[in-house]
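Summary of structural features
Here is how the chains run, residue by residue.
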Amino acid sequence: MGDNLEALAAFNGEVCCEPPNNRLDRFTGTLTFDSQKYSLDNERVLLRGCTLRNTDWCFGLVLFAGPDTKLMQNCGKSTFKRTSIDRLMNVLVLFIFGLLALMCIILAVGNWIWENHAGSKFKAFLPREENTVFSAFLTFWSYIIILNTVVPISLYVSMEVIRLGNSYYINWDRTMYHAQTDTPAEARTTTLNEDLGQIKYVFSDKTGTLTQNIMTFNKCSINGKSYGDVIDHYSGQRLEITEEMTPVDFSFNRLADPKFLFYDHSLVEGVKLELPDVHAFFRLLALCHTVMAEEKREGDLVYQAQSPDEGALVTAARNFGFVFRSRSPETVTIEEMGVQRSYELLAILDFNNVRKRMSVIVRNPEGKLSLYCKGADTIIYERLHPSCSEVMKVTTEHLNEFAGEGLRTLVLAYKDLDEEYFSEWKQRHHESSVGLEDREENLEKLYEEIEKDMMLIGATAIEDKLQDGVSQTIELLARAEIKIWVLTGDKQETAENIGYSCNLLREEMNDVFIVAANSPEEVRQELRDARLKMCPDTEQDKFLIPEIILGNTPKVVEDENVNGEYGLVINGHSLAFALESNMELEFLRTACMCKTVICCRVTPLQKAQVVELVKKYKKAVTLAIGDGANDVNMIKAAHIGVGISGQEGMQAVLSSDFSFAQFRFLQRLLLVHGRWSYLRMCKFLRYFFYKNFTFTFVHFWYAFFCGFSAQTVYDEGYITLYNLVYTALPVLGMSLFDQDVNAGWSLEYPQLYLPGQLSQYFSKRAFMMCALHSWYSSLVLFFVPYAATYDTARDDGKDGADYQSFALITQTCLTVTMCVQLGLDLSYWTVVNHIFVWGSLGMFFILTFAMYTDGLFQLRPSSFAFIGTAKNCLNQPNVWLTVVLTAILCVLPVVAYRFIYSQISPTINEKVRHKVCQMKEPAPRPRRTRLSRRSTRRSGYAFSHAHGYGDLVTSGRFLRRNALTSSTGLIPTGRSPGFKPTGWSACYSPVGREQNPKQKVEPTSLQLFRAVKDSLF
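Cut-offs and rules
- Residues numbered from 1 in each chain as written.
- Predicted model: local features only at pLDDT ≥ 70, side-chain atom pairs only at ≥ 80, totals over all residues.
- Heavy atoms only, no water.
- Helix = DSSP H or I, 4+ residues; strand = E, 2+ residues; numbered from the N terminus.
- Expected span 1.5 Å × (residues − 1).
- Buried < 20%, exposed > 50% of the residue type's maximum accessible area, 1.4 Å probe, protein only.
- Axes fitted to C-alpha atoms, helices over the stretch in contact; angles between N-to-C directions.
- Left-handed = near helix turned anticlockwise from the far one by under 90°.
- Contact = heavy atoms within 4.5 Å.
- Pairing = 2+ DSSP bridges.
- Right-handed = clockwise from strand over helix to strand, strands pointing away.
- Salt bridge = Lys/Arg side-chain N within 4 Å of Asp/Glu carboxyl O.

Let's talk about helix H7 (residues 276-287)
- The end-to-end C-alpha distance of H7, which contains 12 residues, comes to 16 Å, matching closely the 16 Å that a straight helix rising 1.5 Å per residue would cover.
- Listing the buried residues of H7 in full gives Val278, His279, Ala280, Phe281, Phe282, Arg283, Leu284, Leu285, Ala286 and Leu287.

Observations regarding unusual backbone geometry
- The residue Asp453 is not glycine, and still its phi comes out positive at about 55°.
- Relative accessible area serves as the criterion here: at 42%, Asp453 is assigned to the partly exposed category.
- Here the phi dihedral of Asn503 falls at roughly 65°; this positive angle occurs in a residue that is not glycine.
- By the element assignment, Asn503 lies in the loop between helix H14 (492-501) and strand S20 (511-515).

A look at the packing of helix H3 (residues 84-117) against helix H26 (residues 764-789)
- At a closest axis distance of 11 Å, the pairing of H3 and H26 adopts a crossing angle of 35°. Helix-helix and strand crossings are classified by hand; for H3 and H26 the assignment is right-handed. Here Leu88, Val91, Leu92, Phe95 and Ile96 of H3 lie close against H26, whose contacting residues are Lys764, Phe767 and Met768.

Re the pairing of strand S26 (residues 640-644)
- Within S26, five of the five residues are buried, which leaves the element mostly enclosed by the surrounding structure.
- Of the two faces of S26, both are covered, the one formed by Ile640, Val642 and Ile644 as well as the one formed by Gly641 and Gly643.
- By the bridge criterion, four bridges tie strand S25 (residues 621-626) to S26 in an arrangement that is parallel. Residue pairing across strands places Gly626 opposite Gly643, the latter belonging to S26.
- A crossover connection joins S25 to the parallel S26 through helix H19 (residues 632-637); in handedness this β-α-β unit is right-handed.

Structural notes on the pattern of salt bridges
- If you walk through the whole model with that rule in mind, you get 33 salt bridges.
- Taking the shortest distance from any N to any O, the salt bridge between Asp657 and Lys81 comes out at 2.8 Å. Here Lys81 lies in the loop between helix H2 (70-73) and H3 and Asp657 lies in the loop between helix H20 (651-654) and strand S27 (658-660), a separation of 576 residues in the sequence. In this pair, the class of Asp657 matches that of Lys81, namely buried.

Observations regarding the sheet that holds strand S2 (residues 29-33)
- Strand order in the open sheet made by the three strands is S1-S2-S3, with antiparallel pairing throughout. The open sheet is flanked by strand S1 (14-17) and strand S3 (36-40), the only strands paired with a single partner. Averaged over all pairs of adjacent strands, the angle between strand axes in this sheet comes to 25°, irrespective of strand direction.
- As paired strands, S2 and S3 are joined by five bridges and run antiparallel to one another.

Overview of helix H18 (residues 604-617)
- Compared with an ideal rise of 1.5 Å per residue, which puts 14 residues at 20 Å, H18 spans 21 Å between its outermost C-alpha atoms and is within 8% of the ideal.
- Those residues of H18 that sit buried are Pro604, Gln606, Lys607, Ala608, Val610, Val611, Leu613, Val614 and Tyr617.

Here you go:
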């Protein structure tokens, strides 16, 4: 139809396709037009959110819209997130209501008994209800009102204030500010802070989260000679590459990318010396790829690569003088050292996961046919000519060295083709490509036939740059017993490379299991074999334990002990089977036994399903971190969602609970802010319950001495101000400023994070201990003042045992005891804490004397009936002795318990605090660590693009420009007079003889000269 609108209006076709689903990698449909059917597959469908490039216009048909699109089908539902403490509080509040009802029933029964036995004695001066049952009923509801302080009504308001304050600490943290992007950390919610201190599982995306998603050409090996390292000419040792070091000057090339940095000057000397192998190396990089070049104006080249790997290789060739300029379906145009040459593109032998290589067949302007191939070393080595054995040995040493540094490697080879043979091969290729039966198998045989007896050129080493501090962060989180699962859409090889680069996978592991089966039975068997290898004597159902929560009994997968460290890598196809209901427990059980789990080729929905699986069967708090729209599902599914504002937009940030710019900030978010928030919240809850329970239980004991008459033991003014003034600010100060150790020591000792994962600071057991402590303290606070005032006389001889004096003494003892207990709980005294604690205590005495004066009594006699009590009572020495004795008796069990327990079984916090006090340093010294060689394994293939992309290139469906006939962009230099090669170029042999001085140094000794800057902070 072209751009003919009339033809489009007359188009009458019918599309039959599959119903809406969430499979991003598959589409099945047919188009019926003019009685003919045309196949519709995934290559002919644009998903929502895709960008169409290099196209001025196009006609399309909307197949699915709104919630039916595949992207929306992969979106999860937003849920209201609550912390584990909130869920526990729901249970405890029910228990507290039950306790309140029980106390009121006991007191109501007591009132009924008292009325029946002793009530008649007071009938003369105290009118009473004849119906004792009704009197007990009224007493029940009266004590519901009096004892309601046991119900934590103000607790939830105080918790929100504390969470808000701790959220501001995250927003104000300058160490989590990323200056390059002007991005501070942000707490996007204020209700989840304490869960940050209980994380057990971290689910992370890879690209853009662990890595920068920026590939750089780092090193290479050409004909047995290694390039990329900077060698000291005097000692022969490798130098550390720093920012102060002078990079290679590419000013001779006007088309060079100014962002490309390379520090080995010998390689550019080899290009200028026109060494054949060096030129063949970069010519292959400039021709063997599927990159698109866009040149909007002369010399301004923009490469659009499906994978950043290919973009990095083509950019490297561009800077060294072999500039890829443009392509058409039949040609590839490059500039070789300033001379523009157009190669005829005859075939692209495309990449797939089985081949692990790609090749192009081109004819140069002189008419010579050549095949250029790049791929995994193990694949390419099997197809080399026997004469390459010597070069292959040396190249293998270089590959081992590159892989040991976590670089992604490729091997390059070429082959000259005979014209007659290629014509016959091309005919067979055409016949196989249009065949309907066994098309893929026949094409694969033809590819194998022509891709043999190739000549080895060299190898490349690409660095998928990790974000700063990723390895150190992962190390710290691992020491804190936090398990990291990587959920990525990249292919298995890429995910494994990054796993080794950032030390998620290590050579020291006992084994790394690869699950890549294609049927449910095979997946189940591989998971079971892995589990039995980790724990041979494991039982089938032993790992399931019941967890009763509000009547529900969900199954919880118990942690199993494993000797050694293991890793698990599973691809998306196998994961789809593993997440089925009849196999999910097998997968979860095996995965949880591993130190590291990497799931590759997973869809956004599968990411969320993995998170939900762990949440369902593990009694643990989960965190998901990502930077792209495909991470939104798992961010919403996890207990805590963290978004990274990176290269892929703001979708993840907008769906997250916390956000920052770099993965390394996660260590401070969890180990510092999260741990502090959890510690402060737990201390607050324990103290809040203690002070309210103690306050209320005194009423309970007093009821037995007042005839169950629902009389309060305290002055009504004190009851009003107890939670509002006397004890509000001290506990808030503790909850906002307390810290057991500072941020530096928190990062120095990640083991401090472990108690939070085990909920040791606040749990049902801790709540019961708090209630028992309150029960004991209330007994002391009631009976010690009672005994001290019973049948006593004042200094002037008057009776000192009256209700008002007893109430005031009890109030004073309670307030002083609460302040002493708070002081024992505080680990970090600040000026604010001093003001709040001593200010609240002083406010108690000021308001007590003020409310018990004559003036207020004259204004409202019924409200201020305790006239003169403070003046007459608090001037007695025995009263102050009672206050001191009561406070000591209340805190004595706590002090004794803490002392004995710290001597017998000290906690990690006590050990660290003791060590910090001995060192007498405010913060730990920054450490310099030397990273050991991470791996001797080699990357199989450094490509991450999908199968079938070569067909798009040769079809011309998305090419709109022919090769530009432009002027030379490279300043030809050749060999200038007086130019002498230096460095390795001077000893280079194009015939491949062993001239490399590095080969005489053992690979392990080279690592001794590798300096890596690493700081824990």
